[in-house]
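Structural overview for review
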Amino acid sequence: MKPGGWKHRSETRERISATRREQLSDPAERAKISEATKLRMADPAVRQRIREGMRKAAGETDELRAMRAVWKATRPAVRMRFLSELLYLLCSGREQDRP
């Protein structure tokens, strides 16, 4: 990838875009692309790579996924207590623990 963040020059990107627009305007070509995509997406490894890439792009870390899993596994009463303690600290401006 180039330092500016683009893999291709602007002229090349424009040519690629024009080609894709042309392909997608033709119903037969669009159906061909759709079938090829369905075949590729049938492979679980491809879907997993796409999920991981989307997580990476979103900045989702392993720690965040672990925290979400724990949160979902926690009882509603415990969640409510955690939130009330957190909000108490935030609203009171206190750095120490709740009395």
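Below is a short write-up of the structure. (Residues numbered from 1 in each chain as written. Predicted model: local features only at pLDDT ≥ 70, side-chain atom pairs only at ≥ 80, totals over all residues. Heavy atoms only, no water.)

**Structural notes on the overall build of the chain**
Quick note on the threshold: Put simply, DSSP marks the helices as runs of H or I at least four residues long and the strands as runs of E at least two long, and each gets a number from the N terminus on. Residue exposure (1.4 Å probe, protein chains only): buried if accessible area is under 20% of the type maximum, exposed if over 50%, otherwise partly exposed. Two residues qualify as a contact provided that any one of their heavy atoms is within 4.5 Å of a heavy atom in the partner residue. All accessibility values rest on the Shrake-Rupley procedure with a 1.4 Å probe; residue burial counts only the protein chains present in the view.
Within the chain, the secondary structure is distributed over five helices and zero strands. Secondary structure elements in the chain, listed N-terminal to C-terminal, are α-α-α-α-α. With 99 residues in all, the chain has 2% of them scored as buried. Here the contacts in the chain between residues at least 6 apart in sequence split such that 0% fall between residues at least 24 apart. When the accessible area of the chain is evaluated, it comes to approximately 9000 Å², of which 59% is carbon and sulfur surface.

**Overview of the pattern of salt bridges**
In plain terms, the rule: Just to be clear on terms, a salt bridge is a Lys or Arg side-chain nitrogen sitting within 4 Å of an Asp or Glu carboxyl oxygen.
Evaluated as defined, the whole model comprises four salt bridges. R9 serves as the salt-bridge partner of E11, at 3.5 Å between the closest nitrogen and oxygen. Among the residues examined, E11 registers a relative accessible area of 42% and is labelled partly exposed. We note a salt bridge from E85 to R81, for which the minimum N-O separation is 3.0 Å. One end of the pair is E85 and the other is R81, both in helix α5 (residues 76–92) and four residues apart, which spans about a single turn. Relative accessible area serves as the criterion here: at 28%, E85 is assigned to the partly exposed category.

**Some remarks on the packing of aromatic side chains**
The condition that has to hold: Ring pairs are drawn from Phe, Tyr and Trp, using the six-membered ring of Trp, whenever the two centres fall within 6.5 Å, and their geometry is named by plane angle: stacked under 30 degrees, edge-to-face over 60, tilted for the rest.
On inspection of all chains with the given rule, the structure shows one aromatic pair. When the ring of W71 is compared with that of F82, the centres are 6.0 Å apart and the planes differ by 70°; the resulting orientation is edge-to-face. Taken together, the residues W71 in helix α4 (residues 62–73) and F82 in helix α5 connect sequence positions 11 residues apart. The exposure class assigned to W71 is partly exposed, which follows from its relative accessible area of 34%. Exposure remark for F82: the relative accessible area of 45% places this residue in the partly exposed category.

**Comments concerning the packing of helix α1 (residues 10–25) against helix α2 (residues 27–41)**
Condition: Lines fitted to the C-alpha atoms define the axes, with helices restricted to the stretch that makes contact. Angles between their N-to-C directions range from 0 to 180 degrees. Geometric relationships in this document are graded by angle, where less than 35 degrees denotes roughly parallel, more than 145 denotes roughly antiparallel, 65 to 115 denotes roughly perpendicular, and other angles denote oblique. Amino acids are sorted into nonpolar (Ala, Val, Leu, Ile, Met, Phe, Trp, Tyr, Cys and Pro), charged (Asp, Glu, Lys and Arg) and polar (every other residue, Gly among them).
Here α1 crosses α2 at 100°, and the two axes come no closer than 5 Å. Our classification of the angle between α1 and α2 gives roughly perpendicular. Contacts between α1 and α2 pair R20, Q23, L24 and S25 from the former with P27, E29, R30 and I33 from the latter. Looking at side-chain class alone, the contact of α1 with α2 contains three nonpolar, two polar and three charged residues.

**Things to note about the environment of R13**
Counting through the fold element by element, R13 comes out in helix α1. Setting aside residues no more than four positions away along its own chain, R13 makes contact with W6 and H8.

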